[in-house]
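Survey of secondary and tertiary structure
Okay, here's what each chain looks like letter by letter:
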Amino acid sequence: MDEFNYKKSLGQNFLQDKNILENIVKVANIEGNSLTIEIGPGSGNLTKEIAKVSNQVLCYEIDDRLETYLDVNLKDFTNIQIIFDDFLKRNLNNDLKDKKYDNLYLVANLPYYITTPIIEKVINSNLKFKKIVIMIQKEVGERFNAKPGSKEYNSLTVYLNYYFNLNKEFIVSRNCFIPKPNVDSIVISLENKDNLLNLKDKNKFNKLLKDSFKFKRKTIKNNLKNYDLNIISKVLEKYHFTLSSRAEELPLEVFVDLSNSLN
Ligand code: SAM
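As the structure is a prediction and not an experimental result, all values here were calculated from the model.

Calculation rules
Residues numbered from 1 in each chain as written. Predicted model: local features only at pLDDT ≥ 70, side-chain atom pairs only at ≥ 80, totals over all residues. Heavy atoms only, no water. Near = heavy atom within 4 Å. Polar contact = N/O pair within 3.5 Å; in protein donor to acceptor, adjacent residues only side chain to side chain. Helix = DSSP H or I, 4+ residues; strand = E, 2+ residues; numbered from the N terminus. Nonpolar A, V, L, I, M, F, W, Y, C, P; charged D, E, K, R; others polar. Buried < 20%, exposed > 50% of the residue type's maximum accessible area, 1.4 Å probe, protein only. Right-handed = clockwise from strand over helix to strand, strands pointing away. Pairing = 2+ DSSP bridges. Axes fitted to C-alpha atoms, helices over the stretch in contact; angles between N-to-C directions. Contact = heavy atoms within 4.5 Å. Arc of directions from axis to C-beta. Phe/Tyr/Trp six-rings, centres within 6.5 Å; stacked < 30°, edge-to-face > 60°. Domains from an automatic or database assignment. Buried area = accessible area lost by both parts, 1.4 Å probe. Salt bridge = Lys/Arg side-chain N within 4 Å of Asp/Glu carboxyl O.

The environment of the ligand is formed by 23 residues, the closest being Leu15, Gly40, Glu61, Asp86 and Tyr113. Glu38 places a side-chain nitrogen or oxygen 3.3 Å from a nitrogen atom of the ligand. Breaking the shell around the ligand down by element, the ones donating at least two residues are β1 (14-15) and β3 (56-61). Each residue belonging to the shell around the ligand can be placed in one class, and the counts come to 12 nonpolar, 6 polar and 5 charged.

Right, dumping it as structure tokens:
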């Protein structure tokens, strides 16, 4: 890849360490008749490890300059399909509709500039993933399963914890990438919760979360001033919070109750 002109704007930091690549795939514990989605195969380092254990691999790569590298690197595999397109523009359900598999996985070293949109898209697809294993920026990963009251706790934390059991797996130093990024990374695994809390309207829940955390220092009363504050106050009281509480103090079930009560 010596002559390749890496694009920072596309989050192109390629992982070189074979042990780490293998360990990422191990975390996914791919089994059965499996289909694994990878977003951003780059030159195919991680793809190769996935393809050794997954029956089928479906990759999305936005940069078609990588096609020649992928052709060479993955020439020994017949179970890999690469779609050269922006993952965020794809209709995932359509792409998967003719595929036969029992277990669906997502394993990826994500382009960090679109971590949240990618996760939102995956959740909104309603596809049932057996396990999602993603490498993301370490600071973002710290937020994923932050506890209420900590400074890392934000709307994404609540959103993710509604859907998933999250595990921080291991940290990967910036030195393991070419080119070397400015941040360290973390591998996170996500597994669907068996029993989701009953939510009447997912879109309203998402909007409520974004509004509640809009200004970090502001109270619920200020951030949600366009909502029915009487209803909000009554719900908060049940959990011993008030309109002067801040969003970062409220656990998941309070947001779910608020969202359902406001419908
Ligand atoms: N999988 C490789 C690895 O682990 O070394 C590369 C990972 S690199 C962090 C992210 C990859 O995502 C790059 O190859 C980049 O071109 C690709 N990418 C960036 N934006 C994308 C998008 N919207 N859709 C699909 N791929 C994208």
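So that's the structure; there's more coming.
Within strand β6 (residues 131-137), 6 of the 7 residues are buried, which leaves it mostly tucked inside the rest of the structure. Note that the unit made of strand β5 (residues 103-109), helix α5 (residues 115-124) and β6 has a crossover that is right-handed. Where β6 and strand β9 (residues 185-192) come together, 6 bridges link them in antiparallel fashion. From the neighbouring strand, Gln137 faces β9, where its bridge partner is Ser185.

Read across the open sheet, the 7 strands follow the order β4-β3-β2-β5-β6-β9-β7; overall the sheet is mixed. Of all strands in the sheet, those bounded by a partner on one side alone are β4 (80-84) and β7 (164-172). The average angle at which neighbouring strand axes cross in this sheet is 20°, direction not considered. Sheet strands touched by helix α2 (residues 45-53): β2 (34-39), β3, β4 and β5. Its angle to β2, the strand with the most contacts, is close to 175°. Against the sheet, helix α7 (residues 155-163) makes contact with β7 and β9, and its axis sits at roughly 120° relative to β7, the strand it touches most.

Taken residue by residue, helix α10 (residues 229-238) has Ile232, Val235 and Leu236 as its buried positions. The arc that holds the buried residues of α10, viewed along the axis, is 100°, so those residues lie on one side. For α10, the exposed residues lying more than 90 degrees away from the buried face are Asn230, Lys234, Glu237 and Lys238. Of the surrounding secondary structure, the elements contacted by the buried residues of α10 are α9 (220-223) and α11 (252-261).

Counting across every chain of the model gives 11 aromatic pairs. For the ring pair Tyr159 and Tyr163, a centre distance of 5.6 Å and an interplane angle of 70° mean the geometry is edge-to-face. Here Tyr159 pairs with Tyr163, and both are found in helix α7, just 4 residues apart, close to one helical turn. The exposure classification of Tyr159 matches that of Tyr163, with both residues buried. Their ring planes at 55° and their centres at 5.4 Å tell us that Tyr162 and Phe205 sit as a pair that is tilted. One end of the pair, Tyr162, is in helix α7; the other, Phe205, is in helix α8 (residues 202-212), and 43 residues separate them in sequence.

Attention now moves to the domain arrangement of the protein. Accessible area lost when the parts come together is the quantity often used to give the size of an interface. When cut into domains, the protein gives domain 1 (8-192) and domain 2 (202-261). In this structure, domain 1 and domain 2 have C-alpha centres spaced 32 Å apart. The interface is formed by 12 residues belonging to domain 1 together with 15 residues belonging to domain 2. Among the residues of domain 1 in contact with domain 2, Tyr153, Val158 and Tyr162 are the three that bury the most area, contributing 40% of the side total. Remark: the boundary between domain 1 and domain 2 carries 1 salt bridge. A salt bridge links Lys210 to Glu120; its shortest N-O distance comes to 3.3 Å. Summed over the shared surface of domain 1 and domain 2, the number is 4 residue pairs in polar contact (both at pLDDT 80 or more). For the side of domain 1 that touches domain 2, the element with the most residues is α7, which contributes 6 residues.

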